[in-house]
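Chain residues, written in single-letter form:
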Amino acid sequence: MDYDVLDKSLADRGRLRIEWAARNMPVLAMIEERFRRELPLKDIKISACLHVTTETANLARTLKAGGAEVRLCASNPLSTQDDVASALVEDEGIGVYAIRGIDSEGYYKHIRSALDFSPHITMDDGADLVFTVHSEMAEMADSVIGGTEETTTGVIRLRSMSQEGALKYPIVAVNDAMTKHFFDNRYGTGQSSLDGVLRATNMLLAGSAVVIAGYGWCGRGIASRAKGMGSRVIVTEVDPLKALEAAMDGFSVMPMEEAAKIGDLFITVTGDISVIRVEHFNLMKEGAMVANSGHFNVEIDLEDLEKIKTSKRTVRDNVDEYVLPGGKRIYILGEGRLINLAAAEGHPAMVMDMSFANQALCAEHLVKNRGKLEPGVYPVPEEIDSYVSRLKLDALAVSIDTLTEKQKKYLASWKMGT
Ligand code: ADE
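Residues numbered from 1 in each chain as written. Predicted model: local features only at pLDDT ≥ 70, side-chain atom pairs only at ≥ 80, totals over all residues. Heavy atoms only, no water.

Leu 41, Leu 63 and Val 96 are the most contacted members of the largest nonpolar core, which totals 52 residues. Core analysis: the second largest hydrophobic core is formed by 26 residues, Phe 251, Leu 265, Met 289 and Ile 339 among them. (Core = buried A, V, L, I, M, F, W, Y, C linked by side-chain atoms within 4.5 Å. Buried < 20%, exposed > 50% of the residue type's maximum accessible area, 1.4 Å probe, protein only.)

Written out as structure tokens, the structure reads:
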């Protein structure tokens, strides 16, 4: 078996950490048990490009239990947990191509290695696999049954491919499942982004001015968690509806040009490019800290910051100090890459359980519907979404009410008013 990981002697540590994550992934465990009995992915080759974490390891094991042959590469050069990559190679016989801190050339080489057994399913987090298949290995697309996409940025990319008629196979937008983005994007990103900032800086959030760029599900999550820790939260937005929501959620809303002068900490989660630019760095206070939690490292204009800096040094793990003309210092966290995975461990297993249950069930759905779906971006089937929420409630031992016959009749009738 081919693979490329940092050091296989790290496998013992990785194994224990994977087991620790599994304690909080009961839904995935139930699916794994059924997959082991029913083998719905028998003889299916899956290339997965995901953050190589303890939670992803549990997903990879589930896919393998279902009969799939799995290859895994990283979806970000800084998110790989090397011990986990080693344990997957040693214990599960999964071909992993991932090394933390790899350069761009090595990153794409790993993506090609994960693809070069001609997969039936691509499982993406950011659409780099789909992009590579379509741009470099187009002949491979004919044998792909379909793909899944984990994140908002990837779904946006795929929708634009589909609109241009460039997409050659069906993709299920796992991100858009309610049991994914309501929990993973909001509570996962909310907690893990601050976790990353705190591990990198050890700053005090209480009393700090925290500027959140973007009030999608991730921005909402970070804003509410920062508020809970006593920060003064400022939101910047381009969408009037989201800005209104942020204002009514009790946050200050203003353009980045204003917020830049006030913030102690900035976190971008817009999914867009060049959100924090030189003009903003120039307005920032001495010692301002800047992080990104959006998928790609394009939200902060780091190349331009490099051009205007007078000096730069790494002052702690994941903290680079840039000195600007005049002596002001700005701190960039995690090289502007996803701060929750660069400086912490990503979302907790408790939420990844639902995201990855959706991934496993959508892989099964693609196999069941082999040949029936036209190229395009598809929602997660409603049955899968509600099945995952029911299993999660059961696992949490939370019971809910059921509608009485009278209530069902009332809801179905348009004749009953006051
Ligand atoms: N994305 C965010 N957090 C993650 C995690 N813990 N594992 C895999 N992908 C993630």
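So, next bit.
Overall, parallel pairing links the seven strands, which are arranged S3-S2-S1-S4-S5-S6-S15 in an open sheet. In this open sheet, the two strands that pair with only one neighbour each are strand S3 (95–97) and strand S15 (376–379). Neighbour-to-neighbour, the strand axes of this sheet turn through a mean angle of 20 degrees, independent of strand direction. Helix-sheet contacts for helix H7 (residues 152–163) involve strand S5 (146–149), strand S6 (170–173) and S15, and the interaxial angle to S15 is about 135 degrees. (Pairing = 2+ DSSP bridges. Helix = DSSP H or I, 4+ residues; strand = E, 2+ residues; numbered from the N terminus. Axes fitted to C-alpha atoms, helices over the stretch in contact; angles between N-to-C directions. Contact = heavy atoms within 4.5 Å.)

If you check the shell around the ligand, you find His 51, Thr 53, Glu 55, Thr 56, Leu 341, Glu 345, Gly 346, His 347, Met 352 and Phe 356 and nothing else. At 2.7 Å from a nitrogen atom of the ligand is found a side-chain nitrogen or oxygen belonging to Thr 53. Within the complex, the protein chains bury 95% of what would otherwise be the 260 Å² of accessible surface of the ligand. For the shell around the ligand, the elements supplying multiple residues, two or more each, are helix H3 (54–65) and helix H15 (349–368). (Near = heavy atom within 4 Å. Polar contact = N/O pair within 3.5 Å; in protein donor to acceptor, adjacent residues only side chain to side chain. Areas by Shrake-Rupley, 256 points an atom, 1.4 Å probe, with all protein chains shown as cover.)

Across all of its chains, the model carries 32 salt bridges by this definition. Arg 313 is the partner of Glu 321 in a salt bridge, and the nearest nitrogen-oxygen pair spans 2.7 Å. Look at Glu 321 and you get buried, because its relative accessible area is 5%. Shared partners join several salt bridges into a network, and the residues in it are Arg 13, Arg 17, Asp 83, Asp 195, Arg 199 and Glu 345. (Salt bridge = Lys/Arg side-chain N within 4 Å of Asp/Glu carboxyl O.)

Turning our attention to the environment of Val 388. By secondary structure assignment, the location of Val 388 is in helix H16 (residues 382–395). Along the primary structure Val 388 and Arg 277 are separated by 111 residues, whereas in three dimensions their C-alpha atoms are 41 Å apart. Apart from the residues lying within four places of it in its own chain, the contact partners of Val 388 are Thr 179, Met 354, Ala 357, Asn 358 and Leu 361.

Time to look at a nonpolar patch on the surface. A surface patch of nonpolar side chains, about 360 Å² in accessible area, is lined by Met 350, Leu 396, Val 398 and Ile 400. Locating Met 350 in the fold gives a position in helix H15. (Patch = residues over 30% accessible without salt bridge, like charges linked within 9 Å, V, L, I, M, F, W, Y side chains within 5 Å.)

So, on to helix H2 (residues 26–38). A rise of 1.5 Å per residue sets the reference length of H2, with its 13 residues, at 18 Å; its end C-alpha atoms lie 18 Å apart and thus fit the reference within 8%. For H2, the complete set of buried residues consists of Val 27, Leu 28, Ile 31, Glu 32, Arg 34 and Phe 35. Residues of H2 that are buried make contact with H3, H15 and H16. Just downstream of H2 lies Leu 39, where phi reads positive at about 45 degrees. (Expected span 1.5 Å × (residues − 1).)

Contact pair H2 / H15: the axes reach a minimum separation of 8 Å and the direction vectors enclose 25 degrees. In terms of their interaxial angle, H2 and H15 are classed as roughly parallel. Across from Pro 26, Val 27, Leu 28, Ile 31, Arg 34 and Phe 35 in H2, the residues of H15 making contact are Asp 353, Phe 356, Ala 357, Ala 360, Leu 361 and Glu 364. (Parallel < 35°, antiparallel > 145°, perpendicular 65-115°, else oblique.)

To continue, consider the side chain of Asp 124. Structurally, the position occupied by Asp 124 is in strand S4 (residues 121–124). For the buried Asp 124, no salt bridge exists, and the shortest N-O distance to an oppositely charged side chain is 6.9 Å, to Arg 157. A polar contact of 2.9 Å, which involves the side chain of Asp 124, links it to the backbone nitrogen of Leu 129. With residues near it in sequence (within four places) discarded, Asp 124 still touches Cys 49, Leu 50, Leu 129, Val 130, Thr 148, Glu 149, Glu 150 and Gln 359. (Lys, Arg positive; Asp, Glu negative; His and termini not counted.)

The subject of this paragraph is the sheet that holds strand S11 (residues 288–292). Read across the open sheet, the eight strands follow the order S9-S8-S7-S10-S11-S14-S13-S12; overall the sheet is mixed. Pairing within the sheet leaves two strands with one partner each, and these edge strands are strand S9 (252–253) and strand S12 (311–316). Across the sheet, helix H9 (residues 217–228) touches strand S7 (209–213), strand S8 (232–236) and strand S10 (265–268), and the angle it forms with S7 is around 170 degrees.

For a regular strand, the rule is simple: side chains alternate between the two faces of the sheet. Of all six residues making up strand S1 (residues 45–50), five are buried, and the element is well covered by its neighbours. Sheet topology places S1 next to strand S2 (residues 69–74); six bridges connect them, and they run parallel. By the bridge assignment, Leu 50 is partnered in S2 with Ala 74. Between the parallel elements S1 and S2, the chain passes through H3 in a crossover that is right-handed. The sheet contact formed by S1 and S4 spans four bridges and is parallel. (Right-handed = clockwise from strand over helix to strand, strands pointing away.)

Turning to the side chain of Thr 151, a few remarks are in order. Here Thr 151 lies in the loop between S5 and H7. For Thr 151, a relative accessible area of 15% puts it in the buried group. When residues no more than four places from it in sequence are discounted, the contact partners of Thr 151 are Asp 125, Gly 126, Asn 175 and His 295.

Turning our attention to unusual backbone geometry. Of note, the phi angle at Leu 39 is positive, near 45 degrees, even though the residue is not glycine. Checked against the element boundaries, Leu 39 lands in the loop between H2 and S1. On the basis of relative accessibility, which here comes to 36%, the residue Leu 39 falls in the partly exposed class. One non-glycine residue, Glu 335, lies in the positive phi region at around 55 degrees. Counting through the fold element by element, Glu 335 comes out in the loop between strand S14 (329–333) and helix H14 (339–342). Taking relative accessible area as the criterion, Glu 335 reaches 44% and is therefore assigned partly exposed.

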